[in-house]
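# Topology and contacts: notes
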Amino acid sequence: MAEMNFCPQCATPLALKLEGGRERKFCPAEACRFIHFGDFSIGCAGVVLRPRENGEVTALLVQRGHNPFAGSWQIPGGYAEHDELLTVAVQREVEEETGIVATARDLVAFRHSLGGTAGGPSTNVYMIFRLDYVSGEAVVDEDEIAAAGFYSLDEMKSIDKLQGLSRWGIEQALQTTP
C-alpha cells in the first residue's frame with residue numbers, strides 16, 4: 001500500500017507527532033489537524049443456509065475466479081464500503097457474487113488480522129454473518145466468481161481447496177443458535 005504523505009482533507013504535507021502513545025502522521029495546518037491512524041479494511045462474508053427437500057441443510061459457496069487464491073472455494077463476501085452498514089454490505093456481496101437474495105440474521109464469528117494478507121491492507125477485521133435465504137438460484141459472472149452453489153457438509157469434504165475459515169464459519173452457523 002502506498003505511503004500517505006499528504007493530508008487527504010486539505011493536501012498539506014503531513015508531519016509526525018506523538019499521539020495516543022505512538023508517533024503518527026498528522027496535518028499541521030491549523031484549520032485541519034487530520035491524524036492518520038493507519039490503513040484498515042473491514043471484510044464481511046455470509047453463511048447462507050438453505051435446506052433441501054429432504055431436510056438436509058446446505059450452505060452457499062463460491063469458487064474464486066481471480067487471484068489471490070483463484071480456484072479456491074469460500075463463503076461469499078468482500079469489503080464493506082466506508083459508508084455502509086456491515087449487514088447491508090454482506091447482503092450486497094452475496095447478491096453481487098451469486099444472485100442470491102438473503103437477509104442478515106446475526107454475526108457468528110470475526111477475525112482480526114495484523115500485517116495484511118495477499119494484496120490486502122495492513123490491518124483487517126473480517127466478520128462472518130449468518131444469513132436467511134430469501135430467493136434466487138446461484139448465477140455467477142464467470143470472472144470474479146467462477147462457480148457457486150449450495151453444498152452439504154458431506155459434499156464439502158470432497159471439494160478441493162475449500163478455505164478453512166469458510167468451513168469453520170459454516171460449522172459455527174450450524175452449531176450455534178441465532
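The rules behind each value
- Residues numbered from 1 in each chain as written.
- Predicted model: local features only at pLDDT ≥ 70, side-chain atom pairs only at ≥ 80, totals over all residues.
- Heavy atoms only, no water.
- Core = buried A, V, L, I, M, F, W, Y, C linked by side-chain atoms within 4.5 Å.
- Buried < 20%, exposed > 50% of the residue type's maximum accessible area, 1.4 Å probe, protein only.
- Helix = DSSP H or I, 4+ residues; strand = E, 2+ residues; numbered from the N terminus.
- Pairing = 2+ DSSP bridges.
- Contact = heavy atoms within 4.5 Å.
- Phe/Tyr/Trp six-rings, centres within 6.5 Å; stacked < 30°, edge-to-face > 60°.
- Lys NZ or Arg CZ within 6 Å of the ring centre and 35° of its normal.

### Side note on the nonpolar core
One finds V47, L61, I75, I128, M156 and I170 to be the most contacted residues of the largest nonpolar core, which totals 16 residues. Among the secondary structure elements, those contributing two or more residues to this core are β3 (40-51), β4 (57-64), β7 (101-114), β8 (123-135) and α3 (164-175). With three residues, β3 is the largest single contributor of residues to this core. Listed in part, the 14 residues of the second largest apolar core include A80, A89, A102 and F150.

### Re the pairing of β4
Across three bridges, β3 lies against β4 in antiparallel orientation. Its bridge partner being in β4, R50 is matched across the sheet by T58. Here β3 folds back onto β4 in antiparallel fashion, the turn holding five residues, of which G55 has a positive phi close to 95°. Taken together, the six bridges between β4 and strand β9 (residues 145-151) define a ladder with antiparallel strand orientation. In the strand pairing of β9, L60 is matched with F150. Both β4 and strand β5 (residues 73-74) contribute to a ladder of two bridges, which runs antiparallel. In the sheet register, V62 faces β5, and the bridge partner there is Q74.

### Some points on the environment of V140
Inspection of the secondary structure puts V140 in the loop between β8 and β9. Judged by relative accessible area, V140 falls into the partly exposed class, the value being 23%. Along the chain, V140 and G20 lie 120 residues apart, while their C-alpha atoms are 46 Å from each other. Setting aside residues no more than four positions away along its own chain, V140 makes contact with E97, I145, A146, A147 and A148.

### Notes on the packing of aromatic side chains
Applying the stated criterion across every chain, the model contains two aromatic pairs. Taking the centre distance of 5.9 Å and the plane angle of 85° together, the rings of Y133 and F150 count as edge-to-face. Of this pair, Y133 sits in strand β8 while F150 is found in strand β9, placing the two residues 17 residues apart along the sequence. Accessibility expressed as a relative area gives 11% for F150, which makes it buried. The ring of F26 has K17 lying over it, and the distance from NZ or CZ to the ring centre is 4.9 Å. Against the face of Y133 rests R50, its NZ or CZ located 4.9 Å from the ring centre.

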